[in-house]
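Next come the chains, spelled out residue by residue.
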Amino acid sequence: MSRQNTPTFRMTLQQHNALKGTNEFVAERICQSADFDLKDYIAYTYGCISLVERPDSALELHLKSEKILDKKSENFGLFRHWLDFRKYQRKGYLLKKIEKNLFGGRTPFLWKSKKIHDENVNKEQYQVEIEISREEKYFVSLDGERYDKLFLFPNTIQLRKHLDALHTLKKAPLRHHQPLLRLFGLTDKNTDYFVDRMDYDERVDLDEWNILTDTDRDGTLQQRQFVNMALQTQDFALLEGPPGSGKTTTIVELILQLAARGKRVLLCSATHVAVDNVIDRVLEKEEWKKLVTPVRIGNEGDIRKERARAYQYHRLTKTKKESLRNKITRTKNKKSRQLLYDSLASGSREFDEIILDSANLVCGTMIGILSHPKIREGGLTETFDVMIVDEASKVTFQDFLVPALYAKKWILVGDIQQLSPYVEDDYVSHAIHQELPNRKLQDVAKHYFELRKALDNDKTGRSVKIFIADKDLSPFGEFVRHFPDYGIFKLDAKFKAEAKQIKALNEADIVYCVNHPENFKNIDKYIHPNTKAEVFEGEIKGERFNAIQTKLHQGKNGYNYSYTFSAKENKWSNMVAHWLCQSYQYRNSPSEQNYFNTRLKWLVPGRAISSLSRVRRMSMPSVLEMLQHGIGQKGEKDYPKAIYDGFHQRVKDVKFMSLEYQHRMEDEIAAISREFFYNNKNLLTANTVTGKRNVRKRKNPLADLEQYQNESKVIWMNNNFKDTKDKWGN
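What you see is a predicted model, and the numbers here were worked out from it, not measured in a lab. (Residues numbered from 1 in each chain as written. Predicted model: local features only at pLDDT ≥ 70, side-chain atom pairs only at ≥ 80, totals over all residues. Heavy atoms only, no water.)

Attention now moves to the overall build of the chain. Per the secondary structure count, the chain includes 32 helices and 21 strands. Across the 730 residues of the chain, 48% fall into the buried class. Nonlocal contacts in the chain, meaning residues at least 24 apart in sequence, comprise 68% of its contacts between residues at least 6 apart. Accessible area for the chain stands at about 39,000 Å²; split by element, carbon and sulfur atoms hold 47% of it. (Helix = DSSP H or I, 4+ residues; strand = E, 2+ residues; numbered from the N terminus. Buried < 20%, exposed > 50% of the residue type's maximum accessible area, 1.4 Å probe, protein only. Contact = heavy atoms within 4.5 Å. Areas by Shrake-Rupley, 256 points an atom, 1.4 Å probe, with all protein chains shown as cover.)

Structural data, given as structure tokens:
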């Protein structure tokens, strides 16, 4: 974007303070660039929220109820409600969805109306506060009312936290957010900034290592190098590690080193297992327990390791309170004893916050961490010295940004060759629809796409494609422009039953058939019995034609394959979202990606194709991939930025480490992934594996079957597994 063509930009006071010490012109360009790009993220997030909060997204709850008559119950006199299962007969999928949203996570609010998101509606008037019993699957309405029907909307807390974080970085950043802002600045203006922010005096002495003590073990020196790198950096450090390379071990060593230096750490991950594995490892030894005080944020039922369970936030505070109350009863000063005892019994949050603030390791998933009291309430009142993101290859920029605002520097750990972030198809589809809201153009694109796909699949021209044209959507001139390489015969009122025209009808690649009964009669009458046809966007009503095509399209097993195709039932934006997601999943395989990109070009009009990169950039890549590898420019005229192109190589030289060795798989197994995914640079088999019993010496359960005795222990199975089926049988 050129400065001359851009409206005057004025920095806010917070932006000035965040970039204090930076050249005024450079600071303005950084904020201007961040403002420009963050608008896209904000617009995308608003779109997701509007989609989720539509009235038709509400889940309708049909309820049965009874009054609670047990006087010992805290809810005496209120009404207990269950789902009326009779209303969900033959709707098992809907019942499961409702139960998951109602009983599966944090307690939701229920509503008396679908119209709660209308601007003129008083939301408090329609809100119903409830208390849930997850085990018995009922809830109590705390307003004392009995309900036969209520509405449950999908939870938008995560999306709204995304929105708050994006607005904060855009307009009200703090001083320690400067590195986050500089990700949006031009690479050539910010590379020196990131390279120079290293404190090389900070490193671990030889006798200070806790886990990484065996330097004869392959990979240990690389792990040590990264721990020192993470201690030295003042903003980012990136660690790439294939499966079994020791990423978790490296994280645990780093946490112990940070704790020894009096630092507070925020640990986040995309999964519960990853978080709990780290906590479990940190608590392995008594001396480590004295060094690290963890708190696990999230539901107790989601915790996967028993050692981590005791440190779940609510369980931990409850245990500490009970322990303190027991000690208080032995205190001689009755007055102070009673005051403190009453304070603990009153449910005051002050004691809970003291416990949370005293922890030097706060852990949770990217979603679970949102229930951290300080993050849930908003306001940047607490700052961690370091944020570590495990499995960062599964974390989007928006998910990363929410907790990242609470940290001074960020350590990203993961492997971009493994699973990408989970993508909500509906969000992508909605964003794509906004790029081309014209339904008429969408319908044209759908019709042409199905026909173009069939033509591409029919390499030998075995069948004529009959396209039934809607006069409002498919004018002949426009149609020809989309299929310049194919022979097209236009069947309309000018058709004459002459040999030349009948021959042209049967030899054409595409028959452009104007939607009229007379044209259908001509097809029924003059299509040759040996001419195989496929019909698009309509139906030919003719007994002879249908009988011929049924016979020609009959398979060897007698099954009659369909010869009519229509895109009318498919939503254009859903179709684009599907192919866009497929293209992204195969981004590291150029030939496969080209296949999907070609279909995207068929499906998306030229004016909208450039917008797809914006949707892809906001919804699909992980923050690790964005900074390590890059995800491509917004447009051809954009200048390089870390947020799109990844860190400059000079930055990665001092802030990026790739673990080369793996300690988990036999070499015969690792070899396939090493060759096809890591270009033989990573997943090298460590000496910790080669010294073990070889896989070929193990008992093969198929060894007694003669046909399997000489088989490899590794089978490469393609997606369609046809070759494998042929080899191994059904």
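The next thing to look at is helix H8 (residues 220-232). Structural remark: α-helix, 3.6 residues per turn; residues separated by three or four positions point the same way. Here H8 spans 18 Å end to end across 13 residues, near enough to the 18 Å set by a 1.5 Å rise per residue. Here H8 has its buried residues at Thr220, Gln222, Gln223, Arg224, Phe226, Val227, Asn228, Met229, Ala230, Leu231 and Gln232. Turning to H8, the residues buried within the fold contact strand S8 (236-240), helix H9 (247-260), strand S13 (410-414), helix H29 (649-655), strand S19 (656-658) and strand S20 (661-662). (Expected span 1.5 Å × (residues − 1).)

Turning our attention to the nonpolar core. Membership of the largest hydrophobic core comes to 97 residues, with the highest contact counts inside it found for Leu183, Met387, Phe397 and Phe400. In terms of residue count, helix H2 (residues 24-52) provides more of this core than any other element does, 12 residues in total. If sequence neighbours within four positions are ignored, Phe397 has contacts with Leu38, Tyr41, Leu166, Phe184, Pro621, Val623, Met626 and Ile643. (Core = buried A, V, L, I, M, F, W, Y, C linked by side-chain atoms within 4.5 Å.)

Think of a sheet as strands paired side by side through backbone hydrogen bonds, with each pair either parallel or antiparallel. Strand order in the open sheet formed by five strands is S15-S16-S14-S17-S18, with parallel pairing between adjacent strands. Across the chains shown, the open sheet's two edge strands, defined by having one partner strand only, are strand S15 (488-491) and strand S18 (564-565). Set on the sheet, helix H23 (residues 543-552) makes contact with strand S14 (463-469) and strand S17 (532-536); between it and S17 the angle comes to about 110°. (Pairing = 2+ DSSP bridges. Axes fitted to C-alpha atoms, helices over the stretch in contact; angles between N-to-C directions.)

As a further point, take the pattern of salt bridges. What the rule picks out here adds up to 34 salt bridges. A salt bridge links Arg281 to Glu284, with the shortest nitrogen-to-oxygen separation between them at 3.5 Å. The shortest N-O distance in the salt bridge between Lys465 and Asp458 comes to 2.7 Å. Overall, the relative accessible area of 10% leaves Asp458 in the buried class. If you follow the salt bridges from partner to partner, you end up with Asp35, Lys39, Lys170 and Lys171 in one network. (Salt bridge = Lys/Arg side-chain N within 4 Å of Asp/Glu carboxyl O.)

Here the focus is the pairing of S14. Among the seven residues in S14, seven count as buried, and that is most of the element. Pairing analysis gives five bridges linking S14 to S17, with the strands arranged parallel. Bridged to Val464 within S17 is Ala533. When S14 meets strand S16 (residues 510-514), the two strands line up parallel, connected through five bridges. Residue pairing across strands places Phe467 opposite Tyr512, the latter belonging to S16.

It is generally the case that most residues other than glycine have a negative phi and that most peptide bonds are trans. Of note in this structure, Arg90 is not a glycine but carries a positive phi near 65°. With respect to the helices and strands, Arg90 occurs in the loop between strand S2 (79-83) and helix H3 (92-103). Phi at Asn679 takes a positive value of approximately 50°, unusual for a residue other than glycine. For Asn679, the position within the fold is in the loop between helix H30 (667-676) and strand S21 (684-685).

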